[in-house]
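Listed below, chain by chain, are the residues.
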Amino acid sequence: MRRPPLAATLVVLLAVAIMVGLGFWQVHRRAWKEAMLAQFTVAEQVTTPLVITGADLPDNAGYRHVRWDCPTSGPDQVVGGRNADGRYGWAHVFVCMHGASVPVPVVIGWSPGVTPVQWTGRAIAGVAVPGPKAGIVLHNADGSARETAWHIVADPPLAGLIANARPDPRDIPNNHWSYAIQWFAFAVIALVIYGMALRRR
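Here is a short report on the structure shown in this document. (Residues numbered from 1 in each chain as written. Predicted model: local features only at pLDDT ≥ 70, side-chain atom pairs only at ≥ 80, totals over all residues. Heavy atoms only, no water.)

### Quick look at the packing of helix α1 (residues 6–43) against helix α2 (residues 176–199)
Close contact between α1 and α2 brings their axes to 7 Å; oriented N to C, the two are set at 165 degrees. On the basis of their axis angle, the class for α1 and α2 is roughly antiparallel. For the pair α1 and α2, the sense of crossing is left-handed. Residues belonging to the contact of α1 with α2 are distributed by class as follows: 18 nonpolar, 4 polar and 3 charged. (Axes fitted to C-alpha atoms, helices over the stretch in contact; angles between N-to-C directions. Helix = DSSP H or I, 4+ residues; strand = E, 2+ residues; numbered from the N terminus. Parallel < 35°, antiparallel > 145°, perpendicular 65-115°, else oblique. Left-handed = near helix turned anticlockwise from the far one by under 90°. Nonpolar A, V, L, I, M, F, W, Y, C, P; charged D, E, K, R; others polar.)

Next comes the structure, spelled out in structure tokens:
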């Protein structure tokens, strides 16, 4: 029996090790995501509003009812969105600033039309959502794109608008297990194909 080629075998084994490592990484990510979603689910049940100052979101604020002040805001940025009844239309988003700190998008409400509304900023009650607001692109001073760490969905809505769909942590995808299975399957397939190639030598 001929010996397997050393270089090819090392390459295949390295590739398989990487795939297996990525599979276990996705397993760990799944556990992390489940813990995060459980924390968000508990937070959304807390009825006492959390008062936030500045532009930094506390670690325990995700999906909490919050009170926040928007001293200055930019123009209305209208993006696609759903209202509390599940109807598709337009969400009205204003980017609020606290001096030179990070901007925070605020979804002040929903409407069936795309016409912008006027809102100059003030105290807000709503739900704090970790992550950027989809459809809103912010820029640094040099013009490069930037993302915000969180945004707010106003509750109740402002400027005479209709209530936007309430943020739901159950909408956050948690498909890390399927990704892990795919990586493990790729590793097995690579070994099978390499084994078949060796048999034909």
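What follows picks up the thread again.
### Examining the state of the cysteines
Following the criterion strictly, the structure yields 1 disulfide and no others. Between the sulfur of Cys70 and that of Cys96 lies a disulfide, 2.0 Å long from S to S. Residues Cys70 and Cys96 are joined through a disulfide that is left-handed, its torsion about the S-S bond being -95 degrees. Note that Cys70 is positioned in the loop between β2 (65–69) and β3 (72–73) and Cys96 in strand β5 (residues 88–97), a separation of 26 residues in sequence. Side by side, Cys70 and Cys96 carry an identical accessibility label, which is buried. (Disulfide = S-S within 2.5 Å. Buried < 20%, exposed > 50% of the residue type's maximum accessible area, 1.4 Å probe, protein only.)

### Focus on unusual backbone geometry
Phi is mostly negative for residues that are not glycine, and the peptide bonds are mostly trans. Following Asp155, the chain continues to Pro156 via a peptide bond in cis, the omega torsion being 10 degrees. Tracing the sequence through the fold places Pro156 in the loop between β10 (150–154) and α2. A positive phi angle is found at Tyr63, which is not glycine, with a value near 65 degrees. Here Tyr63 shows up in the loop between β1 (50–51) and β2. Although it is not a glycine, Ala159 adopts a positive phi angle of roughly 55 degrees.

### Focus: a nonpolar patch on the surface
A contiguous nonpolar surface patch, about 290 Å² in accessible area, is contributed by Phe186, Ile189 and Ile193. Summarising the element assignment, Ile193 is placed in helix α2. Look at Ile193 and you get exposed, because its relative accessible area is 52%. (Patch = residues over 30% accessible without salt bridge, like charges linked within 9 Å, V, L, I, M, F, W, Y side chains within 5 Å. Areas by Shrake-Rupley, 256 points an atom, 1.4 Å probe, with all protein chains shown as cover. Salt bridge = Lys/Arg side-chain N within 4 Å of Asp/Glu carboxyl O.)

In short, the description is geometric, and any link to function would need to be established separately.
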